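Structural characterization, general
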Amino acid sequence: MLSMPLNAAERASQYQLRFWLAHSATDPRIIAPYLIVLIGSNFAIGIITPWGWAAIQLTMVYLVLAYSTHRKLQPWCPWCSEGGGGSHVEDLPPVLPRDRQLV
Ligand SMILES: [Zn+2]
C-alpha cells in the first residue's frame, strides 16, 4: 500500500511504454527471440564488448521494472481495460423475444 502513489492515474499516463512492454513480453513471438539474445549474450562475451553485454542485460532490468510498474498501476493500464486493445468483452443483457417483452 505504501508503494501506491496518490496520483496513480497521472503516474500511469506517464508509463505507457512500460504497460506496452509488460503486455508485449507475454507474446511468445517476442519473448522467445528476446530470451535467446539475453541468454546467448552470456556465451558471446568474446564476441560482444562488455558494454554491449551490460546493455543487453539492462534490458532485462527494465523489463522487470515494467512488470513492477504494471502490477502496481494495473487498474489504469489501457491494455487491461477497454479501449486499449485489451480483451475486455462487454456483457450485454440478453434480448427477449417480442412476445415475452412487458412493453
Ligand atoms: Zn495491462
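It should be noted that the structure appears before, not after, this text.
For the structure given in this document, a descriptive report is provided here. (Residues numbered from 1 in each chain as written. Predicted model: local features only at pLDDT ≥ 70, side-chain atom pairs only at ≥ 80, totals over all residues. Heavy atoms only, no water.)

Let us look at the coordination of the zinc ion. The zinc ion binds to the protein through His-23 (NE2), His-70 (NE2), Cys-77 (SG) and Cys-80 (SG); the donor distances cover 1.9 to 2.3 Å. Here the zinc ion is ringed by four donor atoms whose angles at the metal span 99 to 120°, and the overall shape comes out tetrahedral. Look at His-23 and you get partly exposed, because its relative accessible area is 25%. Take Cys-77: its relative accessible area is 0%, and that puts it in the buried class. (Donors = N, O, S within 2.8 Å, 3.2 Å for Na, K, Ca; no water. Tetrahedral: all angles 85-135°; square planar, octahedral: opposite > 155°, others 65-115°. Buried < 20%, exposed > 50% of the residue type's maximum accessible area, 1.4 Å probe, protein only.)

What follows is about helix H2 (residues 16–24). Among the residues of H2, Arg-18, Phe-19, Ala-22 and Ser-24 are the ones counted as buried. Against the buried residues of H2 lie helix H1 (8–14), helix H3 (28–43) and helix H4 (50–72). (Helix = DSSP H or I, 4+ residues; strand = E, 2+ residues; numbered from the N terminus. Contact = heavy atoms within 4.5 Å.)

Now for the packing of H2 against H4. For the pair H2 and H4, the least separation of the axes is 8 Å and the interaxial angle reads 100°. With respect to H4, the axis of H2 lies roughly perpendicular. In this structure, H2 contributes Leu-17, Arg-18, Phe-19, Leu-21, Ala-22 and His-23 to the contact, and H4 contributes Tyr-62, Leu-63, Leu-65, Ala-66, Tyr-67, Thr-69 and His-70. Its residues assigned to classes, the contact of H2 with H4 shows nine nonpolar, three polar and one charged. (Axes fitted to C-alpha atoms, helices over the stretch in contact; angles between N-to-C directions. Parallel < 35°, antiparallel > 145°, perpendicular 65-115°, else oblique. Nonpolar A, V, L, I, M, F, W, Y, C, P; charged D, E, K, R; others polar.)

Attention now moves to the layout of surface pockets. By volume, the largest pocket is sized at about 170 Å³. Along its surface, the largest pocket is lined by Trp-20, Leu-21, Ser-24, Ala-25, Ile-30, Ile-31, Tyr-34, Thr-59, Tyr-62 and Leu-63. The set of elements that each furnish at least two residues to the lining of the largest pocket consists of H2, H3 and H4. Class assignment for the residues of the lining of the largest pocket results in eight nonpolar, two polar and no charged. (1 Å grid on protein atoms, 1.4 Å probe; cavity = no way out; pocket = protein on both sides within 12 Å on 5 of 7 lines; lining within 4 Å. Points joined across faces, edges and corners; volume = space filled by probe spheres on them.)

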